[in-house]
Each structure stands twice: as structure tokens, then as C-alpha cells.
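Listed below, chain by chain, are the residues.
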Amino acid sequence: DAEQVSITKDGWLDPANSEDAYSPNEITVEVGTTVTWTNDDVTLHTVSSGTVADLVGTMDGLFDSGFLAEGETFSYTFDEVGEFPYFCQPHPWMQGTVIVVPAA
């Protein structure tokens, strides 16, 4: 199975509306699912696993896309059940979560 997440055009510009920067912002998938993020913006963004506190991101090392230019994609297969937050390194107010549930 594959799921798609868009890094939205200009979604990063207003930190107050940053829940729209990754669409969908929260995605629930079954274990073993590959999620693919596509940068639909003209600005460089990342998909970096970890958490953000006071707009400082802390990567946890699970996955990191590196910088994605417009149209580039990054995929990661989730092999464990759990909640996996991620953020954009240069724009840490951009945050999303992948929730992985047991296979049906």
C-alpha cells in the first residue's frame, strides 16, 4: 500500500496556518505502508522525523528526506506501530504525524 502527502504550495509562509503545510497533516496507515511526500512548493523543504518544541526541531534519526526541490519526492515505509511526528528543518512550524496501526 502507498499513501501520498503533499508539501503544499506556500503552506509554510504563515506559521499560524502551518497545519496546512503538509496535506494531510495527520495520516493513519497500516504497518508496512509506504508514505510518499511530494514537494508541491517552489521552496526547499524537508521531511525529518522528530519533534518540535518552541520552534526548535529535534531529529530522532528515523527518517530524513534531505532538501526536496519542487516536484521531488521522498518515501518511507513504516514497519512499526506507533505515532511518528515529523517536521521541516528550515521551517519547523511545519509539522505532521504518521500514525501506524496494526494491519487489518
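About the cut-offs
Residues numbered from 1 in each chain as written. Predicted model: local features only at pLDDT ≥ 70, side-chain atom pairs only at ≥ 80, totals over all residues. Heavy atoms only, no water. Core = buried A, V, L, I, M, F, W, Y, C linked by side-chain atoms within 4.5 Å. Buried < 20%, exposed > 50% of the residue type's maximum accessible area, 1.4 Å probe, protein only. Helix = DSSP H or I, 4+ residues; strand = E, 2+ residues; numbered from the N terminus. Contact = heavy atoms within 4.5 Å. Phe/Tyr/Trp six-rings, centres within 6.5 Å; stacked < 30°, edge-to-face > 60°. Pairing = 2+ DSSP bridges. Axes fitted to C-alpha atoms, helices over the stretch in contact; angles between N-to-C directions. Salt bridge = Lys/Arg side-chain N within 4 Å of Asp/Glu carboxyl O.

**A word on the nonpolar core**
Phase 1 of the analysis: The biggest cluster of nonpolar side chains holds 20 residues, and the ones touching the most others in it are Tyr22, Trp37, Val47, Phe78, Tyr86 and Val98.
Phase 2 of the analysis: Breaking this core down by element, the ones donating at least two residues are strand S1 (2-7), strand S3 (26-30), strand S4 (33-39), strand S7 (73-78), strand S8 (82-87) and strand S9 (95-101).
Phase 3 of the analysis: Ignoring sequence-local partners within four residues, the contact set of Phe78 consists of Val31, Gly32, Thr33, Val35, Trp37, Phe63, Phe84, Val98 and Val100.

**Considering the packing of aromatic side chains**
Phase 1 of the analysis: Tallied over the entire structure, the rule returns 11 aromatic pairs.
Phase 2 of the analysis: For the pair Phe63 and Phe78, a centre-to-centre distance of 5.6 Å together with 85° between the ring planes defines the contact as edge-to-face. In this pair, Phe63 is assigned in strand S6 (residues 56-64) and Phe78 in strand S7, connecting sequence segments 15 residues apart.
Phase 3 of the analysis: On the accessibility criterion, Phe63 (4% relative accessible area) is buried.

**Some points on the sheet that holds S6**
Phase 1 of the analysis: The mixed open sheet is built from five strands, whose spatial order is S3-S9-S8-S5-S6. Edge positions in the sheet fall to S3 and S6, since each of these pairs with one other strand and no more. The mean angle between the axes of side-by-side strands here comes to 35°, regardless of whether they run parallel or antiparallel.

**Some thoughts on the pattern of salt bridges**
Phase 1 of the analysis: Across all of its chains, the model carries one salt bridge by this definition.
Phase 2 of the analysis: Notably, a salt bridge pairs Lys9 with Asp10, separated by 3.8 Å at the nearest N-O pair.
Phase 3 of the analysis: Accessibility expressed as a relative area gives 52% for Lys9, which makes it exposed.
Phase 4 of the analysis: With relative accessibility at 37%, the residue Asp10 sits in the partly exposed group.

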